[in-house]
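# Understanding the architecture of this molecule
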Amino acid sequence: AELPKAAANKVLYSINNGDKGNMLVFFSGKPQIDEAKRYLDKMNLPNTVIIPYFGSMTREEQKRAAANYEGKRVIFLATNALDDGCVVYGFHFPAP
């Protein structure tokens, strides 16, 4: 329970200190992602999309998560499902 809160607070700290880019935060599983998303949602971050990405998502859900969110900051909460190879927001995560 501490890691998702700490990660959300680190995201907020980075934003408050001028970070304007997208962020990728890795977690060990969906429960941590869900908890971190709840913390981040409560922060009401302006012009920001929070996207969970985990292995048990269908391929269609993964494709929607990897959509282009032009003009918005994207905070991507992911598991090692990215190891399967994925293109997200203009970044390529190649399969091993």
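Residues numbered from 1 in each chain as written. Predicted model: local features only at pLDDT ≥ 70, side-chain atom pairs only at ≥ 80, totals over all residues. Heavy atoms only, no water.

## Focus: unusual backbone geometry
Residues apart from glycine generally show negative phi values, whereas peptide bonds are mostly found in trans. The following threshold applies: Secondary structure counts use DSSP, requiring at least four H or I residues in a row for a helix and at least two E residues in a row for a strand, with both numbered from the N terminus. Burial classes: relative accessible area under 20% of the type maximum marks a residue as buried, over 50% as exposed, and values in between as partly exposed (1.4 Å probe, protein chains only).
Although it is not a glycine, Asn44 adopts a positive phi angle of roughly 50°. Note that Asn44 resides in the loop between α2 (30-42) and β2 (48-53). Assessed through its relative accessible area of 63%, Asn44 is described here as exposed. The phi angle at Asn47 is positive, at roughly 50°, despite the residue not being glycine. With respect to the secondary-structure elements, Asn47 resides in the loop between α2 and β2. For Asn47, a relative accessible area of 45% puts it in the partly exposed group.

## Topic: the environment of Ala65
Take Ala65: it is sitting in helix α3 (residues 59-65). With 11 residues separating them along the chain, Ala65 and Phe76 place their C-alpha atoms 8.9 Å apart.

## Let's talk about the packing of helix α1 (residues 2-16) against α2
Heads up, the condition is: Only the stretch in contact is used when a helix axis is fitted, and all axes are lines through C-alpha atoms; the angle between N-to-C directions ranges over 0 to 180 degrees. Just so you know how the angles are binned, under 35 degrees is roughly parallel, over 145 roughly antiparallel, 65 to 115 roughly perpendicular, and the rest oblique. When the near helix sits turned anticlockwise from the far one by under a right angle, the crossing is termed left-handed; a clockwise turn instead gives a right-handed crossing. Contact criterion: two residues are considered in contact whenever any of their non-hydrogen atoms come within 4.5 Å of each other. Residue type decides the class: Asp, Glu, Lys and Arg count as charged, Ala, Val, Leu, Ile, Met, Phe, Trp, Tyr, Cys and Pro as nonpolar, and the leftover types, Gly among them, as polar.
Here α1 crosses α2 at 45°, and the two axes come no closer than 8 Å. Taken together, the axis directions place α1 and α2 in an arrangement best described as oblique. At the point where α1 passes α2, the crossing takes the right-handed sense. Along the contact surface, α1 presents Leu3, Pro4, Lys5, Ala8 and Val11, while α2 presents Gln32, Glu35, Ala36, Tyr39 and Leu40. Considered class by class, the residues forming the contact of α1 with α2 number 7 nonpolar, 1 polar and 2 charged.

## Focus: the pairing of strand β3 (residues 73-78)
The two faces of the sheet receive side chains in turn, since in a regular strand these alternate between them. Rules: Here, strands pair whenever DSSP counts at least two bridges between them.
Counting buried positions over the 6 residues of β3 gives 6, a clear majority of the element. Side chains Arg73, Ile75 and Leu77 project from β3 onto one buried face, and the interleaved Val74, Phe76 and Ala78 project onto a second face that is buried too. Sheet topology note: the strand β1 (residues 23-26)/β3 ladder contains 4 bridges and is parallel. Across the sheet, residue Val25 finds its bridge partner in β3, namely Leu77.

## A closer look at the sheet that holds β2
Strands sit in the order β1-β3-β2 across an open sheet of 3 strands; the sheet is parallel. Since the sheet does not close on itself, it has two edges, and those belong to β1 and β2, each with one partner. The average angle at which neighbouring strand axes cross in this sheet is 15°, direction not considered. On top of the sheet, α1 reaches β1 and β3; it is set at about 160° to β1, its chief contact.

## A few points about the pattern of salt bridges
Pairing between side chains becomes possible if they bear opposite charge and their charged atoms approach one another. Operational definition: One side-chain nitrogen of Lys or Arg within 4 Å of one carboxyl oxygen of Asp or Glu is enough to make a salt bridge.
Per the stated rule, a full pass over the model turns up 2 salt bridges. For Asp34, the salt bridge identified is with Lys30, shortest N-O distance 2.6 Å. One end of the pair, Asp34, and the other, Lys30, are both in helix α2, 4 residues apart, so they sit about a helical turn from each other. With a shortest N-O distance of 2.9 Å, Asp41 and Lys37 are connected by a salt bridge. Within this pair, Asp41 and its partner Lys37 are both found in helix α2, separated by 4 residues, close to a single helical turn.

Honestly, it's all geometry; don't read function into it.
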